[in-house]
Structures are given as structure tokens and as C-alpha cells.
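Listed here are the chains, written in short residue letters.
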Amino acid sequence: MPLTDSLRDDILASVPSLRAFAISLSGNGDRADDLVQETLLRAIANIDSFQPGSNLPAWLFTILRNLFRSDYRKRRREVEDAEGNYAKTLKTQPAQNAHLEFEEFRVALDKLPQDQREALILVGASGFSYEDAAAICGCAVGTIKSRVNRARSKLSALLYVDGAEDFGPDNTVRAVIGGNS
Amino acid sequence: MKYKVLNTRGSVDDIMKEVKKQGGLNAEIQSRIGHQLRAMYDDVVRQGVPDRFAELIRKLDGPEAAVAQAAQTDQAAKTDGRD
């Protein structure tokens, strides 16, 4: 469809979540913004192929995800950036403890395989349905579900089981097995 | 709340087996992971639209302009020696 003012507004409204997705994928604020810029240019260059009435955010996320996988994975992910640079993109610095916990989370997220990381972010943070996430990643719904599950298991092992000092002084973890009673 | 102490000596795989034996990942850990993931993401979302993107979308009047701009950006990246 043509680039109408209302479509322009809709694209603009997707920019904050596109940036969040790009930063979560790349672990680097500057690179993420380059990725968003390229996504916007590609989207507008190919706007004729966008189906009116279909899911615009999902369309934009698909472009960004494919760009990331084709161009950006060639570049070596820089671990020091993943650990340090992201914090600089924050407007407000979290309190020290929260900040440490946050960095640990970021580092653990970066340890996930790419497929699992993107599935977890799309479903757990961007709020896409399993169906939309499957369309964005070009795979089956069941595949997305299993990637999200594996991502969650691995994150909990990395953060809360292996890092058991969070839970007590004696290298043990108290696992809630009963729920609320 | 009922707690059971998990022995965490051993590899991550051993621990995951133990976690599975105890009825899967517990709800508290899952909710913490979900919360941290969204906190990280929403922090960026709350920053809104940076000026550079608002200007970019405003000034492009159609697909041709976007293609031209993309070519220019590629050229700039090359002369920057970034790639």
C-alpha cells in the first residue's frame, strides 16, 4: 500500500519496540539503532508489499530479525559490549544491586542460542502470540514453543540454580515445589 | 509456601534433571525471569522515538526516497571504514 500519513504514524509508533527488540538481540545500543534505521528504510522501500490490514509490527519485526541474522551475525559479538554498553543506553541508572542483577540477566540472555533468545524475547517481552512469533521467525508454532521453554529452563539454570548464592550461604537453592498454601 | 532444598553440586545438566524430577521449573523462578526480561525491554520502550527516526520517517516521501537514503547510508558506512 502507499505510504500514507497514517501508515507513517503506525511505523513511528513501532519504533520504541523495534529498538527494544534490536538491543535485546544485539546487546549493543549503537548497533541496535543502525539496525532499526536499516529496518525503517527497507520497510519504506518495500511498503508496496505490505498488505493493508495485516500485522504491521510483525512485518517490521520480521524485517529487523532477518537483517540481524544476515548482516549482524557475521560480526563477532563483543562480550565486553554485551556486559557494559547496554547499561549506557539506559536513561536512569538502576540502584547498584538491581544494576548487578540486571547485568547478570543480560549476560545470561547472551549465553542462549540465537534461536532461543529471539523466541523468548518475541513471546516473553514483545508480547507476540506464538503464532505471530512463528511467522516472524519462519518456523512452526511448536518449534517456537519448545524454543521458549528451553530458553526459560536454561536461563533459570544459569541465574537461579548455578548461581545459588542468591538463595543461601551453603550453595543450595530452595526450589518452591508446592506453590502458595 | 513449601520449600525443598535442591543439591546444586554437579553440572547444569544434573541440576536440570533434578529440577525436572521435582516437578519442573518452579513458578517463582519463572516469574522472576519474566519480570527481568520485561524490565530490560520496557526500559528501552519507555525511551520513546529518538529524533533521528522521527525525522527519517517524516522526510522520506516514498519508496524511492528510502532506496536512495539506504544507498547513501551504505556509502557513508564504507567511507567510515566501519565494515
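Per chain, the residues get numbers from 1 upward, laid out in the order the sequence is written. Think of it this way: whatever chain is written first is A, whatever ligand is written first is 1, and the rest follow in order. Where local features are concerned, this predicted model is filtered to residues with pLDDT of at least 70; where side-chain atom pairs are given and counted, the filter is 80 or more; whole-chain, interface and lining totals use all residues.

### What to know about the overall build of chain A
Link 1 in the chain: When helices and strands are tallied, chain A shows eight helices and one strand.
Link 2 in the chain: In this scheme every C-beta is placed from the backbone, and a residue whose C-beta has 20 or more other C-beta atoms within 10 Å is buried, one with 12 or fewer is exposed, and one in between is partly exposed. Residue burial in chain A is summarised as follows: out of 181 residues, 38% are buried.
Link 3 in the chain: Across chain A, contacts joining residues at least 24 apart in sequence account for 61% of those joining residues at least 6 apart. Here a helix means four or more residues in a row that DSSP labels H or I, a strand means two or more in a row labelled E, and each is numbered from the N terminus. Here the contact rule is simple: place C-beta atoms from the backbone, and any two residues whose C-beta atoms are within 7 Å are in contact.

### Comments concerning the overall build of chain B
Link 1 in the chain: A count of helical and extended segments in chain B gives four helices and one strand.
Link 2 in the chain: In chain B, the succession of helices and strands from N to C terminus is β-α-α-α-α.
Link 3 in the chain: A buried classification covers 19% of the 83 residues belonging to chain B.

### Thoughts on the packing of helix α1 (residues 5-26) of chain A against helix α3 (residues 56-70) of chain A
All names here are of chain A.
Link 1 in the chain: Helix axes use the C-alpha atoms of the stretch in contact, all axes being lines fitted to C-alpha atoms, and the angles between their N-to-C directions lie in the range 0 to 180 degrees. Running from N to C, α1 and α3 point in directions that differ by 35 degrees, and their axes come no closer than 10 Å. The two elements α1 and α3 meet at a crossing, and its hand is right-handed. When α1 is examined against α3, the residues D10, S14, S17, L18, F21, A22, L25 and S26 are found in contact with a partner set consisting of L56, P57, L60, F61, L64 and F68.
Link 2 in the chain: In this classification, the charged set is Asp, Glu, Lys and Arg, the nonpolar set is Ala, Val, Leu, Ile, Met, Phe, Trp, Tyr, Cys and Pro, and all remaining amino acids, among them Gly, are polar. Of the residues belonging to the contact of α1 with α3, the class tally is 10 nonpolar, three polar and one charged. The sense of a crossing depends on the near helix, which, turned anticlockwise from the far helix by less than a right angle, makes the crossing left-handed and, turned clockwise, makes it right-handed.

### Topic: the environment of M1 of chain A
Residue and element names in this part refer to chain A.
Link 1 in the chain: Among the secondary structure elements, M1 is positioned in the segment before α1.
Link 2 in the chain: Taking the C-alpha atoms as reference points, M1 and R147, 146 residues apart in sequence, are found 34 Å from one another.
Link 3 in the chain: For M1, the contacting residues outside a window of four places in its chain are L7, I47, F50 and P52.

### Side note on the packing of α3 of chain A against helix α7 (residues 130-137) of chain A
All names here are of chain A.
Link 1 in the chain: Orientation of α3 relative to α7, taken along the N-to-C sense of each, is 40 degrees, at an axis distance of 8 Å. What the angle tells us is that α3 and α7 run oblique. The two elements α3 and α7 cross, and the hand of that crossing is right-handed. Contacts between α3 and α7 involve A58, F61, T62 and R65 on the former and, on the latter, D132, A135, I136 and C137.
Link 2 in the chain: Partitioning the contact of α3 with α7 into residue classes produces five nonpolar, one polar and two charged. For this classification, under 35 degrees means roughly parallel, over 145 means roughly antiparallel, 65 to 115 means roughly perpendicular, and everything else is oblique.

### Re the confidence of the model for chain A
Residues and elements named next belong to chain A.
Link 1 in the chain: Summing up the model confidence of chain A, the mean pLDDT is 81 and the portion of residues at 70 or higher is 73%.
Link 2 in the chain: When pLDDT is averaged over each helix and strand of chain A, the minimum, 41, is found for strand β1 (residues 172-176) and the maximum, 97, for α7.
Link 3 in the chain: As a per-residue measure, pLDDT tells how confident the predictor is, with possible values from 0 to 100. This stretch, residues 162-181, has a pLDDT under 50; its non-local contacts, to residues over four places away or in other chains, come to 45 contacts.

### Here we look at the nonpolar core
Link 1 in the chain: To form a nonpolar core, buried Ala, Val, Leu, Ile, Met, Phe, Trp, Tyr and Cys residues must be joined through C-beta atoms within 7 Å. Counting residues in each nonpolar core, the largest one holds 54 residues, and the members touching the most others are A22 and A133 of chain A.
Link 2 in the chain: Residue ranges for the domains trace back to a domain assignment, done automatically or taken from a database. The two domains that each donate at least three residues to this core are domain 1 (12-45) and domain 2 (49-83) of chain B.
Link 3 in the chain: Residues in contact with A133 of chain A, not counting those within four places in the same chain, are A119, L122, V123, F128 and I144 of chain A.

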